[in-house]
Amino acid sequence: MFTKQGPTVRELAVQALSSTERGYDLLAPKFDRTPYRTPDRVLDAVTRAVRELGPFDSGLDVCCGTGAGVGVLRRLCRERAVGVDFSAGMLAEARAAFPPGGEGPAVHWVRADARSLPFAPAFDLALSFGAFGHFLPAERFGLFAEVHGSLRPGGRFVFPIGAPPPVGSRAYWSLFGFDAAMRVRNALWRPRFVMYYRTFPLGDVLKDLTRAGFAARLLPLTELGVRPDGSPRARLVVATREGPA
């Protein structure tokens, strides 16, 4: 599906009927050949925007998947880049994509749940791409608090967030329909597969970042396009850790 090298309809169905963790273990070998992988143009836009906020010594990719965000950290950090994910299958693909040695910062991989990160305040930069739909709204504050606890004072937590599609548009109904189908699936089937597109509204996100101890601001990612009213189609959330270590 999507390409000849991508997952088949049957493989996607098996994934969708699995738990979130098991589903990604199954999808991992073909994940980078699906539309779910963050596009390079988004990775490049974020890299250019975040570079202006540095320098950074160590970086953390939260819910790293197959390692696209670690690739960004290797361009931004001088000493160390760490990817953390709960899927052993995704981490195996990430390790294969970034073999040891070579130039750039050292790369490490950690298997852990982002809701319980095993790090002291050791990072200057944390980022995440495309993972927040796997967390229910009630889990969002706890996730942000875990990232906050992994950053040094003054450290940055950054992630892109897209503008919501206009109400009534084709994209709006597509996302609405997907989330509705997932809610029905999770009401009728166990284990749950948590993946929603409409549970991460910017206003609530900013409130939870503030509660977790961050000072947040927004940077426009205009190279990813603008809407008819001139506003950017995507923004970069830049959350800075406040307070003592």
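Everything that follows concerns the structure shown earlier in this document.
Below is a summary of the structure that appears in this document. Values in this document were obtained by computation on a predicted structure and should not be read as measured data.

**Notes on the pairing of strand 1 (residues 56-62)**
Working note: regular strand, side chains alternate between the two faces of the sheet. Across the seven residues of strand 1, six count as buried, placing the element largely inside the fold. Where strand 1 and strand 2 (residues 77-85) come together, six bridges link them in parallel fashion. Looking at strand 2, one finds that Val62 is bridged to Val84. Handedness of the β-α-β unit built from strand 1, helix 4 (residues 68-76) and strand 2 comes out right-handed. Bridging between strand 1 and strand 4 (residues 123-127) involves three bridges; their strand directions are parallel.

**Section: unusual backbone geometry**
As a rule of thumb, non-glycine residues mostly have phi less than zero, and peptide bonds are mostly trans rather than cis. Here Gly54 and Pro55 are connected by a cis peptide whose omega angle stands at 10 degrees. Residue placement: Pro55 occurs in the loop between helix 3 (40-51) and strand 1. Note that the residue after Arg190, namely Pro191, is joined by a cis bond; omega there is 0 degrees. Residue position: Pro191 is located in the loop between helix 7 (170-188) and helix 8 (202-211). Look at Cys63: it is not a glycine, yet its phi comes out positive at around 60 degrees.

**Re the sheet that holds strand 5 (residues 151-162)**
Two modes of strand pairing occur in sheets, parallel and antiparallel, and in both the strands are linked by backbone hydrogen bonds. If you walk across this open sheet you meet the seven strands as 3-2-1-4-5-7-6, and the pairing is mixed. The sheet terminates laterally at strand 3 (106-111) and strand 6 (214-220), the two strands that pair on one side only. Here the strands of the sheet are splayed against their neighbours by 20 degrees on average, with no regard to which way each runs. Sheet topology note: the strand 2/strand 3 ladder contains six bridges and is parallel. Among the inter-strand pairings, Val84 is bridged to a residue of strand 3, identified as Val110. Seen against the sheet, helix 6 (residues 137-150) touches strand 1, strand 4, strand 5, strand 6 and strand 7 (234-241) and runs at an angle of roughly 140 degrees to strand 5.

**Remarks on a nonpolar patch on the surface**
On the surface, Leu17, Val184, Leu188 and Trp189 cluster together into a nonpolar patch covering about 430 Å² of accessible area. Looking at the secondary structure, you find Val184 in helix 7.

**Looking at the side chain of Thr38**
Note that Thr38 resides in the loop between helix 2 (20-27) and helix 3. The contact partners of Thr38, leaving out residues within four places of it in the chain, are Leu43 and Phe129.

What counts and how
Residues numbered from 1 in each chain as written. Predicted model: local features only at pLDDT ≥ 70, side-chain atom pairs only at ≥ 80, totals over all residues. Heavy atoms only, no water. Buried < 20%, exposed > 50% of the residue type's maximum accessible area, 1.4 Å probe, protein only. Helix = DSSP H or I, 4+ residues; strand = E, 2+ residues; numbered from the N terminus. Pairing = 2+ DSSP bridges. Right-handed = clockwise from strand over helix to strand, strands pointing away. Axes fitted to C-alpha atoms, helices over the stretch in contact; angles between N-to-C directions. Contact = heavy atoms within 4.5 Å. Patch = residues over 30% accessible without salt bridge, like charges linked within 9 Å, V, L, I, M, F, W, Y side chains within 5 Å. Areas by Shrake-Rupley, 256 points an atom, 1.4 Å probe, with all protein chains shown as cover. Salt bridge = Lys/Arg side-chain N within 4 Å of Asp/Glu carboxyl O.

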